[in-house]
Amino acid sequence: MDERIREHARVLVDWSARIDPGDDVVVRVDEGAHDLAVAVAERLGECGANLLTVYDSDEITRAYLRAYDGEFTTDPEYALALYERADSVLSLSGSNNTAGSADVPGDRRQAYAKARAGIREARLDTDWVSTQHPTRAMAQQAGMAYEAYEDFVYDATLRDWEALAEEQARLTEVLDDGSEVQLVADGTDLTMSIADRIAVNSAASVAYDSHNLPSGEVFTAPEATEGVVTFDVPMTVQGRRVRNVELIFEDGVVVDWNAEQGAAVIEEVLSTDEGARRLGELGIGMNRGVDRVTDNILFDEKMGGTVHLALGRAYDACLPDGVAGNDSAVHEDLITTMGDGSRLEVDGEVVQRDGLFRWEEGFGA
């Protein structure tokens, strides 16, 4: 086994999930993530944790959703109990077919998501972490040779996370003290309120309320969004390609949209429920180990010099006690590049210009 796989497992179990002896851990294993699952199981055994493994696959989900005829049972008790009783849920992605569920009808996908909302909430109430094992399908989607893609994944994942956490703390302090964010970029002029919101230092560990490995972003839950935003980073949403998506917001709600490619997908997302037309997340990428777009949201949204906005559900970690954030059955991230001529302002003060933060070399040059 490539020693980097074992190191990936150690970072996931020790740094990201903070597993303790006796913890009840559910590991969801995608079809191409077998090797990582073996390494994770070994590390969990060394930690003295209790392991239950479930097999996860877009192709299995596709077969079920296309064959099922009728109303979906809301939050089946046996599935709900699994996550309600778990301490941690580790999701090991590694698809062998990145479009494995592309032909599932949108209304069927939406109905299933709504019927499993309670199960999703129970999983998100655990110390959950999602990570990615490199596969040839993912390499192909990224337009890279497999060996080069492996290097990319591990460069982004096996980092000095403590050092990155310290850097990201600079931005969390700015956002926590701020009231309004403005994004200006090509095709984008958007303002949103972040007053009384909490900025999360997403440093790849549940200790930071961070649940992705790799991570490397700071995110919060905006509201009162106004203006226009263009998402120029191509990506796959629900198994289908989208490109150059434009959203127009008034009073916090999407009132118009179009896309160069994938407009029907965006319409399906927006029609899921009322909350799908509002933003649930403003995320600012800070992982310089992610140096290219790979059509994988786990990596692409963390890339330095990008901002992502999510339609739908807001994370509780961004909300003060007793405050309800945007609720939805979906949380769909879309990404825009903060390149030449762009700026990110907080209360009128420029925090990032041309993709560089004010504490980085070259800012304002």
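Residues numbered from 1 in each chain as written. Predicted model: local features only at pLDDT ≥ 70, side-chain atom pairs only at ≥ 80, totals over all residues. Heavy atoms only, no water.

**Student:** In this structure, what is going on with unusual backbone geometry? I would like to understand it.
**Tutor:** Backbone phi values are negative for most residues with the exception of glycine, while trans is the configuration of most peptide bonds. In this model, Leu213 is joined to Pro214 through a cis peptide bond whose omega is 5°. Along the chain, Pro214 turns up in the loop between strand 8 (212-213) and strand 9 (217-220). In the Ramachandran plot, Ala204 falls in the positive-phi region, its phi being about 65° despite a non-glycine side chain. Mapped onto the elements of the fold, Ala204 is located in the loop between strand 7 (200-202) and strand 8. The exposure class of Ala204 is buried, given its relative accessible area of 1%. Positive phi outside glycine occurs at Asp354, with the angle close to 55°. By secondary structure assignment, the location of Asp354 is in the loop between strand 18 (349-353) and strand 19 (356-357). You can call Asp354 partly exposed: its relative accessible area is 35%. (Helix = DSSP H or I, 4+ residues; strand = E, 2+ residues; numbered from the N terminus. Buried < 20%, exposed > 50% of the residue type's maximum accessible area, 1.4 Å probe, protein only.)

**Student:** Please clarify how the packing of helix 1 (residues 3-16) against helix 2 (residues 34-47) should be interpreted in this entry.
**Tutor:** A pair of packed helices can be characterised by two numbers: the angle between their axes and the separation between those axes. Closest axis-to-axis distance for the helix 1/helix 2 pair is 8 Å, and the angle between their directions is 50°. In terms of axis orientation, helix 1 runs oblique to helix 2. Crossing handedness for the pair helix 1 and helix 2: right-handed. For the pair helix 1 and helix 2, contact is made by Ile5, Arg6, His8, Ala9, Arg10, Leu12, Val13 and Asp14 and by Asp35, Leu36, Ala39, Val40, Glu42, Arg43, Leu44 and Cys47, respectively. Considered class by class, the residues forming the contact of helix 1 with helix 2 number nine nonpolar, one polar and six charged. (Axes fitted to C-alpha atoms, helices over the stretch in contact; angles between N-to-C directions. Parallel < 35°, antiparallel > 145°, perpendicular 65-115°, else oblique. Left-handed = near helix turned anticlockwise from the far one by under 90°. Contact = heavy atoms within 4.5 Å. Nonpolar A, V, L, I, M, F, W, Y, C, P; charged D, E, K, R; others polar.)

**Student:** Teacher, can you tell me more about a negative patch on the surface here?
**Tutor:** There is a patch of like negative charges on the surface, built from Asp20, Asp24, Asp87 and Asp127. With respect to the secondary-structure elements, Asp87 resides in the loop between helix 4 (77-84) and strand 3 (88-93). Here Asp87 falls in the partly exposed class, since its relative accessible area comes to 34%. (Patch = residues over 30% accessible without salt bridge, like charges linked within 9 Å, V, L, I, M, F, W, Y side chains within 5 Å. Areas by Shrake-Rupley, 256 points an atom, 1.4 Å probe, with all protein chains shown as cover. Salt bridge = Lys/Arg side-chain N within 4 Å of Asp/Glu carboxyl O. Lys, Arg positive; Asp, Glu negative; His and termini not counted. Charge placed at Lys NZ, Arg CZ, Asp CG, Glu CD.)

**Student:** Help me understand the pairing of strand 13 (residues 253-261), please; the structure alone is not making it clear to me.
**Tutor:** The two faces of the sheet receive side chains in turn, since in a regular strand these alternate between them. When strand 12 (residues 240-250) meets strand 13, the two strands line up antiparallel, connected through seven bridges. Counterpart to Glu246 in the pairing with strand 13 is Asn258. Where strand 12 folds back onto strand 13 in an antiparallel hairpin, the turn is made up of two residues, including Asp251, whose phi is positive at roughly 55°. (Pairing = 2+ DSSP bridges.)

**Student:** Could you clarify how one ought to interpret the sheet that holds strand 8 in this entry?
**Tutor:** Within a sheet, each strand pairs with its neighbour through backbone hydrogen bonds, oriented either parallel or antiparallel. Across the sheet, five strands lie side by side as 2-1-3-4-8; this open sheet has parallel pairing. Looking along the sheet, the strands with just one partner apiece sit at the ends: strand 2 (50-56) and strand 8. Contacts between helix 1 and the sheet are confined to strand 3, strand 4 (129-132) and strand 8, with strand 4 contributing the most and set at about 165° to the helix.

**Student:** Looking at this structure, how should I read the confidence of the model for the chain?
**Tutor:** Regions with low pLDDT carry predicted coordinates that are not meant to be interpreted in detail. When pLDDT is averaged along the chain, the result is 93; 99% of the residues meet or exceed 70. Mean pLDDT per element in the chain: strand 11 (residues 235-237) is the minimum at 86, and helix 2 is the maximum at 98. (pLDDT = per-residue confidence, 0-100.)

**Student:** Could you clarify how one ought to interpret the sheet that holds strand 16 (residues 331-337) in this entry?
**Tutor:** Across the sheet, which stays open at both edges, the five strands sit in the order 7-9-14-15-16 with antiparallel pairing between neighbours. The open sheet has two edge strands, strand 7 and strand 16, and neither has a second partner. With strand direction ignored, the average angle separating the axes of adjacent strands in the sheet is 25°. Two elements, strand 14 (residues 279-285) and strand 15 (residues 306-312), share five bridges in a ladder whose sense is antiparallel. The residue of strand 15 that forms the bridge with Leu279 is Leu311. Those strands touched by helix 9 (residues 161-177) are strand 7, strand 9 and strand 14, and its axis lies near 160° from that of strand 7.

**Student:** Explain the pairing of strand 16 here, please?
**Tutor:** With respect to burial, strand 16 is a largely interior element, five of its seven residues being buried. Of the strand pairs in this sheet, strand 15 and strand 16 are connected by seven bridges, and their pairing is antiparallel. Counterpart to Leu309 in the pairing with strand 16 is Leu334.

**Student:** What should I look at first to understand the nonpolar core in this one?
**Tutor:** Taken as a class, soluble globular proteins show a tendency for nonpolar side chains to be buried jointly. In terms of nonpolar packing, the biggest core is built from 42 residues, with Leu175, Val181, Leu247, Leu309, Leu311, Leu334 and Leu344 touching the most fellow members. Contacts of Leu311, omitting those with residues within four sequence positions, involve Leu247, Phe249, Val254, Val269, Leu270, Ala276, Arg278, Leu279, Val330, His331, Glu332 and Leu334. Formed by 41 residues, the second largest nonpolar core is a distinct cluster that contains Val29, Ala33, Leu36 and Ala139. (Core = buried A, V, L, I, M, F, W, Y, C linked by side-chain atoms within 4.5 Å.)

**Student:** I tried to follow the environment of Val229 on my own but got confused; where do I start?
**Tutor:** Looking at where Val229 falls in the secondary structure, it is placed in strand 10 (residues 223-231). On the basis of relative accessibility, which here comes to 0%, the residue Val229 falls in the buried class. Residues Val229 and Asn244, 15 residues apart in the sequence, show an inter-C-alpha distance of 9.9 Å. Filtering out sequence-adjacent residues up to four positions away, Val229 remains in contact with Gly187, Thr188, Leu190, Val245, Glu246, Leu247, Phe249 and Leu309.

**Student:** Honestly, the environment of Ile60 in this entry has me stumped. Any pointers?
**Tutor:** Position of Ile60 relative to the elements: it lies in helix 3 (residues 58-67). Take Ile60: its relative accessible area is 44%, and that puts it in the partly exposed class.

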